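Residue-level listing of the chains:
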Amino acid sequence: MTRDGPSLLIVDDEARILSALQRTLRREGYEIVTAETVDEAFEILDRRDVDGILSDHKMPGMTGVQFLGEAGRRRPAAVRMIITGWTEEIPREDLEEVGVCALVTKPWDDAKLKATLRRALGGGA
Amino acid sequence: MNTAVLVVDADSHVVRCNDAAAAILGRAPEALHGSSAGAWFVDVRGQAVVERTLAEGVRFKGAEAMVDRVGGGAVPVGISCAPILGPGGRVRGAVATFQDLSEMHQLRQQVLQTEKMASIGQLAAGVAHEINNPMGFIHANLFQLAEYAGDLRQLWGEVEQLQKVVSQAGSPEVREAAARLATLAEEVDVDFLLSDLAKAIRESQEGSERIRHIVQDLRDFSHQDNGELSLADVNQCLDSTANIVWPMMKHLVQLEKNYADLPAVTCYPMQLKQVFMNLLVNAFQAIESKLGASAETGHIVLRTEHHGADVVISVADTGVGIAAGDLDRIFDPFFTTKKVGAGTGLGLSTSYNIVQRHGGRIEADSQAGEGTCFRVVLPVDGIGDDA
Ligand SMILES: Nc1ncnc2c1ncn2[C@@H]1O[C@H](COP(=O)(O)OP(=O)(O)O)[C@@H](O)[C@H]1O
Ligand SMILES: [Mg+2]
């Protein structure tokens with residue numbers, strides 16, 4: 001489903017979260033790319049640029065914050081956001097250090113999620 | 001701690017005692033003289049201590065026993081006992097010393113409770129996290145499904161119109177196709193299907209909301225670092241919380257407020273409000289389940305008092321009360337007598353944690369069938385720098 005809007009990479013080890021997020025954002029006009037593992041996400045980032053990255057925090061191998069730190073080195077222009085089921089466990093300094101600009105909690109509120117992404121990515125449909 | 005001393009003769013009759021002994025047993029020293037030592041022990045173990053010392057000449061050190069305090073019920077004591085030996089090694093009597101262990105027992109109980117809370121808190125945090133992941137997509141999917149169902153219903157409305165128009169005009173093939181559509185629509189009962197689809201989704205959304213609520217409770221239970229330490233007006237904390245829950249209870253409850261002048265208390269106001277909220281909701285639910293469908297109303301009395309270095313906040317209700325056997329367990333995490341969906345059993349254990357963090361204590365008094373009173377005792381400046 002390719003659109004002309006901003007491109008967004010979503011990373012989550014739970015495939016059902018990926019499809020639910022895609023459903024939620026279906027009419028928002030983003031070009032959405034998904035990855036179920038951090039490695040897969042890095043492969044995508046090496047191949048192409050994206051406008052934003054939304055990543056889960058608790059994943060096998062690497063936390064979302066670590067992943068976003070590394071992703072930021074490869075694609076410094078990409079806006080970085082975390083989505084997690086447990087916000088309190090991530091210290092604010094860690095988020096700031098890797099330049100995470102927004103934090104979404106699971107379960108998410110549809111309207112809030114859309115608004116957060118619009119603000120971060122400047123537009124959508 | 002004052003040590004009680006008793007001297008008994010070979011027949012176990014008291015010949016000497018000190019004031020501490022009299023105080024623990026709740027009797028005047030004169031009343032103790034000549035009485036039989038074995039008689040105050042409420043347990044066999046305690047009776048055996050004096051008996052065996054006298055009969056066999058054995059010594060006891062720090063044995064735990066229960067004694068009967070006049071007007072005060074059973075008191076736990078730690079007792080040591082040694083024989084007094086006469087000529088030829090004959091036992092002529094015994095000296096018993098003992099100490100009131102009530103306070104120590106209470107402390108031990110508190111430590112156990114705190115440990116239990118901490119480990120369950122960790123477990124709860126883990127569980128909450130695991131639940132939030134699947135809840136994330138279930139919640140979002142239901143939301144989308146509701147939209148899809150709405151779209152489909154609209155679409156079906158148009159299809160139905162089209163079917164009607166076409167079935168009257170047009171070529172035989174078109175009319176036949178329209179008739180097939182009408183038959184199938186009747187077979188699958190499209191109208192029911194569309195409205196039940198929306199209903200099923202709505203009900204699932206309610207369920208998912210409920211799970212969200214439970215997870216929120218779990219989260220509150222394991223994370224109490226919300227809010228800032230400040231000097232607060234406890235009356236105001238209580239009152240604003242009461243105002244929040246008032247609309248929910250006003251049809252069933254008459255609320256009475258007795259606030260004393262209180263000094264500002266060093267506390268986490270947000271957390272105290274959470275405690276008051278739990279107590280108020282419990283009081284309301286207790287009244288609700290007592291009254292059932294009757295047209296009566298119940299009472300809740302909110303009271304604050306200033307006692308020396310403490311402020312005391314109490315919430316008393318005329319609800320169902322708590323069975324004597326449950327009183328020990330109400331502060332346990334997950335202990336609930338409420339039906340599924342109504343209670344998680346975390347309100348009081350969370351409150352217990354919070355009050356303890358404030359250096360205070362929380363107690364319940366209850367008469368089954370009559371009502372319950374919860375008292376929160378908070379030191380005015382209980383939280384030091386270490387909290
Ligand atoms: N005011 C009250 N009157 C009667 N029973 C109460 C009251 N407060 C608490 N309880 C009892 O203590 C239990 C635990 O309370 P709580 O920890 O708040 O969990 P919950 O309200 O979710 O059951 C309740 O299920 C109820 O049995
Ligand atoms: Mg409760």
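As shown above, the structure is provided for reference.
Below is a summary of the structure that appears in this document. The structure presented is a predicted model; accordingly, all values stated were derived computationally and were not measured.

A word on the overall build of chain B
- Helices and strands together make up the secondary structure of chain B, namely nine helices and twelve strands.
- Looking at chain B as a whole, 39% of its 387 residues qualify as buried.
- Taking the intrachain contacts of chain B between residues at least 6 apart in sequence as the baseline, contacts between residues at least 24 apart amount to 64%.
- Of the roughly 20900 Å² of accessible surface on chain B, 54% is carried by carbon and sulfur atoms.

Quick look at the overall build of chain A
- Helix and strand counts for chain A come out as five helices and five strands.
- Going from the N terminus to the C terminus, chain A shows its helices and strands as β-α-β-α-β-α-β-α-β-α.
- Relative to its 125 residues, chain A shows a buried fraction of 52%.
- Within chain A, residue pairs in contact and separated by at least 24 positions form 64% of the contacts whose partners lie at least 6 positions apart.
- Total accessible area on chain A is roughly 5900 Å²; 43% of this is exposed by carbon and sulfur atoms.

Quick look at the packing of aromatic side chains
- Inspection of every chain in the model, using the stated rule, returns three aromatic pairs over all chains.
- With a centroid separation of 6.3 Å and 85° between ring planes, the pair formed by B:Phe331 and B:Phe374 is classed as edge-to-face. Of this pair, B:Phe331 sits in the loop between β10 (310-317) and α9 (347-357) while B:Phe374 is found in strand β12 (residues 371-379), placing the two residues 43 residues apart along the sequence.
- Following the ring pairs from residue to residue traces out a cluster consisting of B:Phe331, B:Tyr352 and B:Phe374.
- Sitting over the ring of A:Phe42, A:Arg74 keeps its end group 4.2 Å from the ring centre.
- Above the plane of the ring of B:Tyr268 lies B:Arg357, whose end atom (NZ or CZ) is 5.2 Å from the centre.

Examining the packing of helix α7 (residues 234-249) of chain B against helix α8 (residues 269-291) of chain B
Residues and elements named next belong to chain B.
- As a packed pair, α7 and α8 sit with axes 9 Å apart at the nearest point and diverge in direction by 40°. When the axes of α7 and α8 are compared, the pair comes out oblique. The interaxial crossing formed by α7 with α8 has right-handed handedness. Counting all contacts with α7, which are made through Val-234, Cys-237, Leu-238, Ser-240, Thr-241, Ala-242, Ile-244, Val-245, Met-248 and Met-249, the residues of α8 involved are Pro-269, Leu-272, Lys-273, Phe-276, Met-277, Leu-280, Val-281 and Phe-284.
- Residue composition of the contact of α7 with α8, by class: 15 nonpolar, two polar and one charged.

Some points on unusual backbone geometry
- Put simply, A:Lys106 and A:Pro107 share a cis peptide bond, and its omega is -5°.
- As for its position among the elements, A:Pro107 is in the loop between β5 (100-105) and α5 (110-121).
- A positive phi angle is found at B:Asp189, which is not glycine, with a value near 60°.
- Secondary-structure assignment places B:Asp189 in the loop between α5 (172-188) and α6 (190-222).
- Judged by its relative accessible area of 39%, B:Asp189 is partly exposed.
- A positive phi angle is found at B:Phe334, which is not glycine, with a value near 70°.
- With respect to the secondary-structure elements, B:Phe334 resides in the loop between β10 and α9.
- You can call B:Phe334 partly exposed: its relative accessible area is 44%.

A few points about the sheet that holds β10(B)
Residue and element names in this part refer to chain B.
- Spatially, the five strands line up as an open sheet ordered β7-β9-β10-β12-β11, and their pairing is mixed. The open sheet has two edge strands, β7 (253-258) and β11 (361-367), and neither has a second partner. Adjacent strand axes in the sheet meet at a mean angle of 15° when their direction is disregarded.
- Bridge count between β11 and β12: seven bridges; the pairing is antiparallel. Directly across from Ala-364, in β12, lies its bridge partner Phe-374.
- In the packing of α7 onto the sheet, the strands contacted are β7, β9 (298-307) and β10, and the crossing angle to β7 comes to about 170°.

Observations concerning the site of ligand 1
Residue and element names in this part refer to chain B.
- Close to ligand 1 lie 19 residues; Asp-317, Thr-336, Thr-337, Lys-338 and Leu-348 are nearest.
- Thr-344 is positioned with one of its backbone polar atoms (N or O) 2.8 Å from an oxygen atom of ligand 1.
- When ligand 1 is considered free in solution it has 530 Å² of accessible area, and contact with the protein chains removes 94% of it.
- Mapped onto the shell around ligand 1, the elements with two or more residues apiece are α8, α9 and β12.
- Tallied by class, the residues present in the shell around ligand 1 amount to eight nonpolar, nine polar and two charged.

As for a negative patch on the surface
- On the surface, a cluster of negative charge is made up of A:Asp13, A:Glu36, A:Asp39, A:Glu40 and A:Glu43.
- In this fold, A:Glu40 is placed in helix α2 (residues 38-47).

Parameters at a glance
- Counting restarts for each chain: residues are numbered from 1 in the order of the written sequence.
- In the order they appear in the text, chains get letters beginning with A and ligands get numbers beginning with 1.
- Note on the predicted model: pLDDT of at least 70 is required for a residue's local features to be given, and 80 or more for side-chain atom pairs to be given and counted; whole-chain, interface and lining totals, by contrast, use all residues.
- With hydrogens and water stripped out, all remaining heavy atoms of the structure feed into the side-chain values.
- Each helix corresponds to a stretch of at least 4 residues labelled H or I by DSSP, and each strand to a stretch of at least 2 residues labelled E; elements are numbered beginning at the N terminus.
- Burial classes follow relative accessibility: with a 1.4 Å probe on protein chains only, a residue under 20% of its type's maximum area counts as buried, one over 50% as exposed, and anything between as partly exposed.
- Should any heavy atoms of two residues lie within 4.5 Å, those residues are counted as being in contact.
- In these tables, accessible area is a Shrake-Rupley quantity obtained with a 1.4 Å probe, and a residue counts as shielded only by the protein chains included in the view.
- Ring pairs shown here join Phe, Tyr and Trp side chains whose ring centres sit within 6.5 Å, with only the six-membered ring taken for Trp; geometry is labelled stacked below 30 degrees between planes, edge-to-face above 60, and tilted in between.
- Placement of a positive charge over a ring is assigned whenever Lys NZ or Arg CZ falls within 6 Å of the ring centre and within 35 degrees of the normal to the ring plane.
- Axis definition: a line fitted to C-alpha atoms, over the contacting stretch in the case of helices. Angles run 0 to 180 degrees between N-to-C directions.
- Each angle gets one of four labels, with under 35 degrees taken as roughly parallel, over 145 as roughly antiparallel, 65 to 115 as roughly perpendicular, and the rest as oblique.
- We call a crossing left-handed when the near helix sits turned anticlockwise from the far one by less than a right angle, and right-handed when that turn is clockwise.
- Three categories are distinguished: nonpolar for Ala, Val, Leu, Ile, Met, Phe, Trp, Tyr, Cys and Pro, charged for Asp, Glu, Lys and Arg, and polar for the others, with Gly belonging to the last.
- At least two bridges found by DSSP between two strands are what make those strands a pair.
- We define proximity as follows: a residue is near a molecule or strand when any one of its heavy atoms falls within 4 Å of that partner.
- Polar contact criterion, stated in full: a pair of N or O atoms within 3.5 Å, where within protein one must be able to donate a hydrogen and the other to accept it, and residues adjacent in sequence count only if both atoms are side-chain atoms.
- Only residues whose relative accessible area exceeds 30% and that form no salt bridge enter a patch; like-charged residues are grouped when within 9 Å of one another, and nonpolar side chains (Val, Leu, Ile, Met, Phe, Trp, Tyr) when within 5 Å.
- By salt bridge we mean one thing: a side-chain nitrogen of Lys or Arg within 4 Å of a carboxyl oxygen of Asp or Glu.
- Charge assignment in this entry is limited to Lys and Arg as positive and Asp and Glu as negative, and neither His nor the chain termini are counted.
- Charge coordinates come from a single atom per side chain, which is NZ of Lys, CZ of Arg, CG of Asp or CD of Glu.

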